[in-house]
Amino acid sequence: MTVLQTALDPTGPDHRAHRAAMLAKLAELEAEHAKALAGGGEKYVRRHRARGKLLARERIELLLDPDTPFLELSPLAAWGSDHPVGASLVTGIGVVEGVECLITANDPTVRGGASNPWSLKKALRANDIALANRLPCISLVESGGADLPSQKEIFIPGGAIFRDLTRLSAAGIPTIAVVFGNSTAGGAYVPGMSDHVIMVKERAKVFLGGPPLVKMATGEESDDESLGGAEMHARVSGLADHLAADEPDALRQARRVVARLNHRKAHPDPGPAQPPAHDPEELLGVVPDDLKTPFDPREVIARIVDGSDFDEFKPLYGTSLVTGWAALHGYPVGILANAQGVLFSAESQKAAQFIQLANQRDIPLLFLHNTTGYMVGKEYEQGGIIKHGAMMINAVSNSRVPHLSVLMGASYGAGHYGMCGRAYDPRFLFAWPSAKSAVMGPQQLAGVLSIVARQSAAAKGQPYDEDADAALRAMVEQQIESESLPLFLSGRLYDDGVIDPRDTRTVLGLCLSAVHSAPYEGARGGFGVFRM
Ligand code: COA
């Protein structure tokens, strides 16, 4: 065994200060999560309950196997926008009749469960996860369809929701719709495109056009039940496969459908694993509040991998990137973790080689971010930093083993790309509350803008207004800082959620389990041209 040692002193002043700062950020995060949980607020929740209906998360809870976890995804979607936090949709991964499923549930307490641009992004992300990991997809439907005031943002791209459902089905991934209420117009295609459909008696309303629209279009007089009620669809149109007496009955029937899917994971569960030798609670004190102060990512690895057992690869070469092999909840992983922040040529080459090795051995990769990006400057440009960074980005882009990313601290510039940032399609990407991500640091960005403006004024022979420059720099710094914070980025769906560092092992374990539902094989070749 190669068990990592620790140099952390949990009683020391540094650790206590880092921990205090992290706890303050977690309290802020908790308050934002509470907004998502509150849905449309007390008034709408009370009205919903008075109608004898279950809330979105209560429906999910009844659907899942008792005492099993639910990995909720993107709970902060729409944060910082004009729409309520959570985007009127709950998505996540949970176990139904022993089968890991991707579950989506409209929150009807938020504007009738209507989909706004952020709900759409969140739903499409959920579909991507279901497809990549071959997870059966269960939609718990009750929605007013498109959020009408923002229809221009969603009508055209929104068609992808129905396209995805049928593509999942075509790929042999089961899709199940359970309809609890309104599912009209485009929404009718959610049950319409699903493999299995359950509707709740006297509650489900599934029609292309409701009675007023029909009256306008054809003059026909009709009512909700005869146009789109559950009884009608179960007995007459055949759109419903199962008629449920009430909501709990619908969820019970959904569980029976899953039990009969014969859906098998590509890789068996590895069985019980050894916990880390070091206490995950101490993860709260690893990352300094000021990200300019470096920290040793081995202290993180020691608290998330099985038995804290880590076999480091090339420990003496390119030391600002730590690479090595471990297991996490029994699954083998290759880990790339930034140490001193900057990526040099040696680190980039080491990363490219390590990623190729993981592909040869079919081992998933975990990227732990704390990077300010690739090194700049004459010496480094002349040393080929572009070629070497490109090698790493090439390796990440064309690697075919599953990738997981966790933003622990900084994730700036092309370093975010090389470390498998969002655009490089990691299967899952989570951020710690301490993370920051942007094209560069706020001070550097404001400074660059100022130099450019100064040069432009000089070129035109104009005097440079130093007071205006100082004010502009301060404003830009503040703006970039706020745009680099995890709540803001999570609101825009640039991650799958902001997590408590102490939960990292559990979250990654759930992700690795989901990842192993689908078969995968590393790239044996198929990389782009590596510039040497
Ligand atoms: N877009 C924007 N806002 C919507 C909406 C939509 N599609 N559907 C509902 N809302 C809003 C309502 O205006 C209301 O806002 P308010 O409380 O500030 O007045 C709030 O959401 C709750 O709606 P309400 O009608 O009171 O809730 P309900 O539970 O009684 O009924 C619906 C829900 C979905 C059945 C009903 O609102 C409805 O029929 N909406 C329109 C459905 C539609 O035709 N959508 C277009 C499909 S493409």
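- Looking at an unreviewed UniProt entry, one finds the protein named Acetyl-CoA carboxylase carboxyltransferase subunit and attributed to Streptomyces capoamus.

### A look at the overall build of the protein
Then comes step 1: For the protein, the helix and strand inventory stands at 20 helices and 16 strands.
Then comes step 2: A globule of 532 residues ought to have a C-alpha radius of gyration of about 24 Å, and the protein, at 25 Å, matches this closely.
Then comes step 3: Considered along the principal axes of its C-alpha atoms, the protein spans approximately 80 × 65 × 50 Å.
Then comes step 4: Counting over 532 residues, the protein shows a buried share of 52%.
Then comes step 5: Put simply, 75% of the contacts in the protein that link residues at least 6 apart link residues at least 24 apart.

### Here's the deal with the sheet that holds strand β4 (residues 137-143)
By definition, the strands of a sheet pair up through backbone hydrogen bonds, in either a parallel or an antiparallel sense.
Then comes step 1: Judged by pairing direction, the sheet is mixed, and its 7 strands sit side by side in the order β1-β2-β3-β4-β5-β6-β7 without closing on themselves. Strands at the two margins of the open sheet, each flanked by one partner only, are β1 (70-73) and β7 (242-244). Averaged over all adjacent pairs, the angle separating strand axes in this sheet is 20 degrees, with direction ignored.

### Considering the packing of helix α17 (residues 442-459) against helix α18 (residues 466-483)
Then comes step 1: Packing of α17 against α18 brings their axes to within 8 Å, and their N-to-C directions diverge by 145 degrees. α18 is crossed by α17, and the crossing has right-handed handedness. For the pair formed by α17 and α18, the contact residues are Pro442, Gln443, Leu445, Ala446, Gly447, Leu449, Ser450 and Arg454 on the first element and Glu466, Asp469, Arg473, Val476, Glu477, Ile480 and Glu481 on the second.
Then comes step 2: Here the residues of the contact of α17 with α18 sort into 6 nonpolar, 3 polar and 6 charged.

### Here we look at the domain arrangement of the protein
It is common to give the size of an interface as the accessible area that goes away when the parts come together.
Then comes step 1: As assigned here, the protein comprises domain 1 (1-33 + 273-435 + 498-532), domain 2 (38-259) and domain 3 (440-484).
Then comes step 2: When each unit is reduced to the centre of its C-alpha atoms, the spacing between domain 1 and domain 2 is 36 Å.
Then comes step 3: Residue-level contacts link 18 residues of domain 1 with 15 residues of domain 2.
Then comes step 4: Contact between domain 1 and domain 2 buries roughly 1,300 Å² in total, counting both sides, with carbon and sulfur atoms accounting for 62%.
Then comes step 5: Ranking the residues of domain 1 by area buried against domain 2 places Glu32, Phe428 and Leu510 at the top, with a combined share of 33%.
Then comes step 6: Applying the counting criterion to the domain 1 and domain 2 interface returns 0 salt bridges.
Then comes step 7: Where domain 1 packs against domain 2, one counts 6 residue pairs in polar contact (both at pLDDT 80 or more).
Then comes step 8: Broken down by secondary-structure element, the contributors of at least two residues to the side of domain 1 that touches domain 2 are α1 (13-38), β15 (428-431) and α20 (504-515).

### Looking at the UniProt feature "domain: CoA carboxyltransferase C-terminal" (unreviewed entry) in the protein
Then comes step 1: As annotated by UniProt and renumbered to match this structure, "domain: CoA carboxyltransferase C-terminal" (unreviewed entry) occupies residues 275-522.
Then comes step 2: Across residues 275-522, the secondary structure splits into 40% helix and 19% strand, with the terminal C-alpha atoms separated by 27 Å.

### What to know about the packing of aromatic side chains
Then comes step 1: Following the criterion strictly, the structure yields 6 aromatic pairs and no others.
Then comes step 2: Seen in terms of ring centroids, Phe162 and Tyr189 are 6.0 Å apart; in terms of plane orientation they differ by 55 degrees. Their pairing is tilted. Of the two residues, Phe162 is situated in helix α6 (residues 160-170) and Tyr189 in helix α7 (residues 189-193); the sequence distance between them amounts to 27 residues.
Then comes step 3: Judged by its relative accessible area of 21%, Phe162 is partly exposed.

### Quick look at the site of the ligand
Then comes step 1: In the neighbourhood of the ligand, 13 residues make up the surrounding shell, with Tyr44, Arg47, Arg51, Gly144 and Ala146 lying closest.
Then comes step 2: At 3.5 Å from an oxygen atom of the ligand is found a main-chain nitrogen or oxygen belonging to Gly112.
Then comes step 3: Compared with its free state, where it exposes 870 Å², the ligand has 54% of that area covered by protein.
Then comes step 4: A class-by-class count of the residues in the shell around the ligand yields 6 nonpolar, 3 polar and 4 charged.

About the cut-offs
- Positions within a chain are numbered from 1, following the residues in the order the chain's sequence is written.
- Only residues with pLDDT of 70 or above have their local features reported here, since the model is predicted, and side-chain atom pairs are shown and tallied only from 80 upward, although totals for entire chains, interfaces and linings are computed over all residues.
- Just so you know, side-chain values use all the structure's heavy atoms and leave hydrogens and water out.
- Secondary structure counts use DSSP, requiring at least four H or I residues in a row for a helix and at least two E residues in a row for a strand, with both numbered from the N terminus.
- Only C-alpha atoms enter the radius of gyration, while the globule expectation follows 2.2 Å times N to the 0.38, with N the number of residues.
- Only protein chains enter the area calculation, which uses a 1.4 Å probe; residues under 20% of their type maximum are buried, those over 50% are exposed, and those in between are partly exposed.
- Throughout, a residue-residue contact means that at least one pair of heavy atoms, one from each residue, lies within 4.5 Å.
- A pair of strands counts as paired when DSSP detects no fewer than two bridges linking them.
- What counts as an axis is a line fitted to C-alpha atoms, over the stretch in contact for a helix, and the angles between N-to-C directions run from 0 to 180 degrees.
- By the definition used in this description, the sense in which the near helix is turned from the far one sets the handedness, with an anticlockwise turn below a right angle giving left-handed and a clockwise turn giving right-handed.
- Under the scheme applied, nonpolar residues are Ala, Val, Leu, Ile, Met, Phe, Trp, Tyr, Cys and Pro; charged residues are Asp, Glu, Lys and Arg; polar residues are all the others, including Gly.
- Domain segmentation is taken from an automatic or database assignment of domains.
- Values labelled buried area give the accessible surface lost by two parts on being combined, using a 1.4 Å probe and summing over both.
- Here, a salt bridge means any side-chain nitrogen of Lys or Arg that lies within 4 Å of a carboxyl oxygen of Asp or Glu.
- Counting of polar contacts relies on pairs of N or O atoms within 3.5 Å, with two restrictions inside protein: one atom must be capable of donating a hydrogen and the other of accepting it, and residues adjacent in sequence are counted only when both atoms are side-chain atoms.
- UniProt positions are given in the numbering used here, feature names are shortened, and annotations may be inferred rather than shown by experiment.
- Pairing of aromatic side chains here covers Phe, Tyr and the six-membered ring of Trp, requires ring centres within 6.5 Å, and sorts the geometry by plane angle: under 30 degrees stacked, over 60 edge-to-face, intermediate tilted.
- Here a residue counts as near a molecule or strand whenever at least one of its heavy atoms sits within 4 Å of it.
- Note on areas: Shrake-Rupley, 1.4 Å probe, and residue coverage restricted to the protein chains presented here.

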